[in-house]
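# A closer look at the structure
As a plain string of letters, each chain reads:
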Amino acid sequence: MCGIVGAVAERNVVEILLEGLKRLEYRGYDSAGVALLQPNGILNRVRRTGKVQELVDALSDQEALGSTGIAHTRWATHGGVTEANAHPHFSSDRIAVVHNGIIENYQSLRADLTSKGYTFTSDTDTETIAHTVHEELKNTDSLLAAVQASVKQFHGAYGTVIMDRNDPSKVVVARSGSPLVIGLGLGENFIASDQMALLPVTRRFIFLEEGDVAEITRRTVSIYDQDGKPVKREIIESNIEHDAGDKGGYRHYMLKEIHEQPTVVRNALKERVGDEGLLSDIFGKGADELLAKVKHVQIVACGTSYHAGMTARYWLEQFANVSCNVEIASEFRYRKSVVHENSLLVTISQSGETADTLAALRLAKELGYMASLTICNVPGSSLVRESDMAYMTRAGAEIGVASTKAFTTQLTAFLVLTVALGKHNGMSEVDQKAIIQGLHSLPAKLEETLAITQGIEDLAEEFADKNHSLFLGRGDQYPIAMEGALKLKEISYIHAEAYASGELKHGPLALIDEEMPVIVVAPNNELLEKLKSNVEEVRARGGIMYVFADKDAAFASDETMRVINVPHCDGPIAPIIYTIPLQLLSYYVALIKGTDVDQPRNLAKSVTVE
Ligand code: G6P
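A few points on the structure. Predicted model, so just to flag it, every value in this text is computed and none were measured.

## Regarding the pattern of salt bridges
For the structure shown, the criterion picks out 31 salt bridges. The salt bridge involving Asp194 is made with Arg27; its shortest N-O contact spans 2.9 Å. Linking Asp194 in the loop between β10 (189–192) and β11 (204–207) with Arg27 in the loop between α1 (14–24) and β2 (31–37), this pair joins segments that are 167 residues apart in sequence. Taken individually, Asp194 and Arg27 each receive the classification buried, so the pair is uniform in this respect. Put simply, Arg175, Glu210, Arg362 and Glu386 are held in one network by salt bridges that share partners.

## What to know about the site of the ligand
The full set close to the ligand counts 13 residues, and Ser305, Ser349, Gln350, Ser351 and Thr354 are the nearest of them. In this structure, an oxygen atom belonging to the ligand sits 3.2 Å away from a main-chain N or O atom of Val401. One of the backbone nitrogen or oxygen atoms of Ala604 is found 2.8 Å away from an oxygen atom of the ligand. In isolation the ligand exposes 390 Å². Once the protein is present, 90% of that is buried. Sort the elements by how many residues they give to the shell around the ligand and helix α9 (residues 303–318) lands first, with three residues. Taken together, the residues of the shell around the ligand sort by class into four nonpolar, eight polar and one charged.

## Comments concerning the state of the cysteines
Here the structure, examined in full by the defined rule, presents zero disulfides. With no disulfide of its own, Cys2 lies 17 Å from the sulfur of Cys302, the closest cysteine sulfur.

## Describing the packing of aromatic side chains
All chains considered together, the criterion is met by four aromatic pairs. When the centroid spacing of 5.9 Å and the interplanar angle of 80° are considered together, the rings of Phe154 and Tyr158 count as edge-to-face. No difference in accessibility class separates Phe154 from Tyr158, as the two residues are buried. Between Phe283 and Tyr391, the aromatic rings sit 4.8 Å apart at their centres with planes inclined by 35°, giving tilted as the arrangement. In this pair, Phe283 is assigned in the loop between α7 (261–269) and α8 (287–292) and Tyr391 in strand β20 (residues 389–392), connecting sequence segments 108 residues apart. An identical accessibility class is assigned to Phe283 and Tyr391; each is buried. Lying over the aromatic face of Phe555, Lys532 brings its terminal NZ or CZ to 5.3 Å of the ring centre. A cation over an aromatic ring shows up here: Arg601 above the ring of Tyr493, its NZ or CZ 3.8 Å from the ring centre.

## Thoughts on helix α3 (residues 106–115)
Every buried residue belonging to α3 is among Tyr106, Leu109 and Leu113, and all of these are buried. All buried residues of α3 lie within an arc of 60° about the axis, which places them on one face of the element. Residues Gln107, Ala111 and Ser115 are exposed on α3 and point more than 90 degrees away from its buried face. On its buried side, α3 packs onto β6 (95–103) and α4 (127–136). Looking one or two residues past α3, Gly117 carries a phi angle of roughly 105°, positive in sign.

## With respect to the pairing of strand β7 (residues 156–164)
When you tally the buried positions in β7, you get eight out of nine residues, the bulk of the element. As judged from the four bridges shared by β7 and strand β8 (residues 170–176), these two strands associate in the antiparallel manner. Bridging across to β8, Val161 finds its partner in Val173.

## As for the environment of Ala197
Locating Ala197 in the fold gives a position in the loop between β10 and β11. With relative accessibility at 3%, the residue Ala197 sits in the buried group. A C-alpha to C-alpha distance of 18 Å links Ala197 and Val172, two positions 25 residues apart in sequence. Excluding residues that lie within four positions of it along the chain, Ala197 makes contacts with Val5, Gly20, Arg23, Leu24 and Ala192.

## Some thoughts on the sheet that holds strand β19 (residues 371–376)
Across the sheet, five strands lie side by side as β17-β16-β18-β19-β20; this open sheet has parallel pairing. With one partner strand each, in any of the chains shown, β17 (323–328) and β20 form the two edges of the open sheet. When the angles between neighbouring strand axes are averaged without regard to direction, this sheet yields 20°. In this sheet, β19 lies alongside strand β18 (residues 343–349) in parallel orientation, the contact comprising six bridges. Among the inter-strand pairings, Ile348 is bridged to a residue of β19, identified as Ile375. The strands touched by helix α13 (residues 405–422) within the sheet are β16 (296–301), β18, β19 and β20, with β18 carrying the most contacts at an inclination of about 165°.

## Here's the deal with unusual backbone geometry
With omega at -5°, the peptide bond leading from His87 into Pro88 counts as cis. Tracing the sequence through the fold places Pro88 in the loop between β4 (68–74) and β5 (89–91). Residue Asn321 is not a glycine yet carries a positive backbone phi of 55°. Tracing the sequence through the fold places Asn321 in the loop between α9 and β17.

Analysis parameters
- Residues numbered from 1 in each chain as written.
- Predicted model: local features only at pLDDT ≥ 70, side-chain atom pairs only at ≥ 80, totals over all residues.
- Heavy atoms only, no water.
- Salt bridge = Lys/Arg side-chain N within 4 Å of Asp/Glu carboxyl O.
- Helix = DSSP H or I, 4+ residues; strand = E, 2+ residues; numbered from the N terminus.
- Buried < 20%, exposed > 50% of the residue type's maximum accessible area, 1.4 Å probe, protein only.
- Near = heavy atom within 4 Å.
- Polar contact = N/O pair within 3.5 Å; in protein donor to acceptor, adjacent residues only side chain to side chain.
- Areas by Shrake-Rupley, 256 points an atom, 1.4 Å probe, with all protein chains shown as cover.
- Nonpolar A, V, L, I, M, F, W, Y, C, P; charged D, E, K, R; others polar.
- Disulfide = S-S within 2.5 Å.
- Phe/Tyr/Trp six-rings, centres within 6.5 Å; stacked < 30°, edge-to-face > 60°.
- Lys NZ or Arg CZ within 6 Å of the ring centre and 35° of its normal.
- Arc of directions from axis to C-beta.
- Contact = heavy atoms within 4.5 Å.
- Pairing = 2+ DSSP bridges.
- Axes fitted to C-alpha atoms, helices over the stretch in contact; angles between N-to-C directions.

Structure representation (structure tokens):
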């Protein structure tokens, strides 16, 4: 989604802004722009549709100079992908604004501002911010006061940064619903929508809270809460690697991230899972007491994270004896639901900023859930700050829009949670030990599984000219089939649907022919025989199958079935292992099709608007 970078410094900030935008490219966008307060007092703006590189090229033709500046990557919501709709937006060459989120009442604001004589040059909601601040500056000399008065008029979500040509020493920023992080430098300060943008210039960050407005100069950062009272916010040292944005020799971030999975899972287990069981306080101080009381779990998430939640439901009910519901956040937040006694709300999110998931957490607090836990990958993110407990997945920065290592570390976290809850709810010692041992064996098993790449590359060749596909799984492999289908559609644009294979007869069998490849995940578990019957049903109707199977599952390749053997694995780690070949399949199909693997069309990494 949209990205923001801003700087107030003594040096020329153009390179900092452009590097920041490049580092935000992974979030998905369709145009980019920058505005600089030049030493001659004029606001200089350059905008381009397409990639940040287009903007870089445009800027290289001129001597862009400015020590206060703002920049933006736009993911269109209101108004098409045009240069006129790209940010920054101006009001009379005096006020410049970049904005993430949606100003929902922009139409009435626009009508009102038009009647006051303002001319709109774009179709965006954002331009109303620029004119509203300009209008407020008629009542005050202070940009800060004008922004504070303006935000009271906005409904919806915003993370916004505002510059005034007449006050070049500062930017004023405001956050409501869209994240903003201040980066602290020496004699220079920065603002961004994501800390990744600022890692080359600082490691010290302040995450703004809901309703905060801040004035940032080279040497000062003054923050005010929604009532206008000055507030202090904690300074956090980031430990994200500076070079987390490098591809490390891989052709794509996605491939790098797929191959990082053994390492990040190993990291995720360190100092949390001992030889005999879980170590204490791994969900934070006081968490063990809260977890001991949990009788029901409500999981809420979006996208890939939702699939992790669906898998976890099988584990929590089967092993931990805890009842569990899972729901897509955008549904949960808008329907009336029943809160069970001693219910734990669990949100899952790579980014920690997904608008619907965050809204679901806030709703759960109003509904009276006993406690909230987030399983999240980004320290300091909104979900982490607003939840009672946070369990970090430690996957490291994930740049590819299609989530891979975040998913497997989320599943790893859920196995840990299964044991943590199960031990208070009659989970057998044998089951606890089996999961602990499974977790310890996971990094090596993942390495072994990644080695089957060659077979999958060949398979992808056969697959790439297809327009539709069906993924089948049973039990805790059903959500893995769903995740496999999601990966394929996200990056190769092949229509893919997943079914619990027992549902085949209830509709999808009608679709089977040689043009509809069927992908089956078939570990050697108690549901194998049932799955084999489903495979036969497909075969009898002339379907072509690609089966990822345990070698002991006794599937053999023939003219209608390609079998790819997956290393043997037992118990609940199997869904994590079977995720790998499906990720690789999507990757290689996308590679053959020549799509933009890391930034697939129309998608965003972090969905900060609902
Ligand atoms: C977007 C991303 C997905 C992700 C989903 C939820 O759609 O492209 O990869 O699964 O958001 O994001 P979250 O950060 O909450 O896990």
